[in-house]
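Now for the letters of each chain:
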Amino acid sequence: MPTLLTKRQKFTFEGIVVSFQKFLIADKIFYRILGIIIFLVSWQALSQIFNAMIVASPLATIQALFTLITETKTWRYIVITLFRLIAGLFLGSIIGLLLGLAAGTNKKIRQVLEPIKWISMTIPAIVISIMAMLWFGMGSEQVIFVVIIIVAPITYVNTMEGRFAIDEKLIEMGRCFNLPLKLFFKEIYLPGITASVIAGFALTAGMGVRVVVLAEFMGAHDGIGYGLSKSYMYLDTPELFAWILISLALLGLLEFGILKPMKTHLMNWKKGGNLE
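Residues numbered from 1 in each chain as written. Predicted model: local features only at pLDDT ≥ 70, side-chain atom pairs only at ≥ 80, totals over all residues. Heavy atoms only, no water.

**So, the pattern of salt bridges**
- Scanning the entire structure with this criterion turns up three salt bridges.
- Among the salt bridges present, the one from R84 reaches E216, with a minimum N-O distance of 2.8 Å. Residue R84 is found in helix α3 (residues 72–105), and its partner E216 is found in helix α8 (residues 181–219); the two are separated by 132 residues along the sequence.
- Classification of R84 by relative accessible area gives buried; the value is 2%. (Salt bridge = Lys/Arg side-chain N within 4 Å of Asp/Glu carboxyl O. Helix = DSSP H or I, 4+ residues; strand = E, 2+ residues; numbered from the N terminus. Buried < 20%, exposed > 50% of the residue type's maximum accessible area, 1.4 Å probe, protein only.)

**Focus on the side chain of S247**
- Within the fold, S247 resides in helix α10 (residues 237–270).
- Of the residues examined, S247 reaches a relative accessible area of 11% and is grouped as buried.
- Those residues in contact with S247 that lie beyond four places of it in its chain are V209, V213 and I224. (Contact = heavy atoms within 4.5 Å.)

**A closer look at the packing of α3 against helix α9 (residues 224–233)**
- Where α3 meets α9, the closest approach of the two axes is 8 Å, and the angle between their N-to-C directions is 130°. With respect to their mutual orientation, α3 and α9 come out oblique. From α3, K73, Y77, I78 and T81 reach across to α9, where they touch I224, Y226 and K230.
- Its residues assigned to classes, the contact of α3 with α9 shows four nonpolar, one polar and two charged. (Axes fitted to C-alpha atoms, helices over the stretch in contact; angles between N-to-C directions. Parallel < 35°, antiparallel > 145°, perpendicular 65-115°, else oblique. Nonpolar A, V, L, I, M, F, W, Y, C, P; charged D, E, K, R; others polar.)

Dropping the structure here:
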């Protein structure tokens, strides 16, 4: 009999815990839905206050969005922009990572790169885009170059800060054991800089999307930014807003489809997994 009572108590306690967890999940969903509703209501109110050429209504935007996604050209633009974005983020991250490690390890290299970092992080993206158009013309090279120039300094700073956070005793121990460069990087440097580099991924991804769209808007014959440019020239505000929604969807795809799985993989490896 006491055993049966204990089981009932245990069952009741677990049931309370499960119910509470469900409540928390439902609570989060409720507030997220509430935030979306507030955003849509505000958007609709603004579309009623201002002229339709200034603010398109949510309904008009959704209709324009459905029209766009039925066109083959739209998907080709999305693929082109995604390619430019990933290429720019990858190259910019690799450059920033290598230079950040070098600067964090060698003070002379850091002093040489400091003015370059300051200049690249100070010049507005629109100025870099104009200069890129002069050097590369209008096309993918110009867009990818602009993304690299924006992304590399951020990755450089995060990598260098991560290198400074590594315990110098670990580095000395690795040198004492004459670890090969590949093993030194994998076992000491990479775990130390992972947290700092990952922290900058979301920032660089968000900036990358904005920079790609800006560069395409100013100097490309295809891509999401070019679609925005055409909508702007023809004063097609619903289509303009629809392209903005596509840009947001692209950022969501990049963050939840690529960055979050990468972050989970790297953090699991850092905790003791095997990165292969």
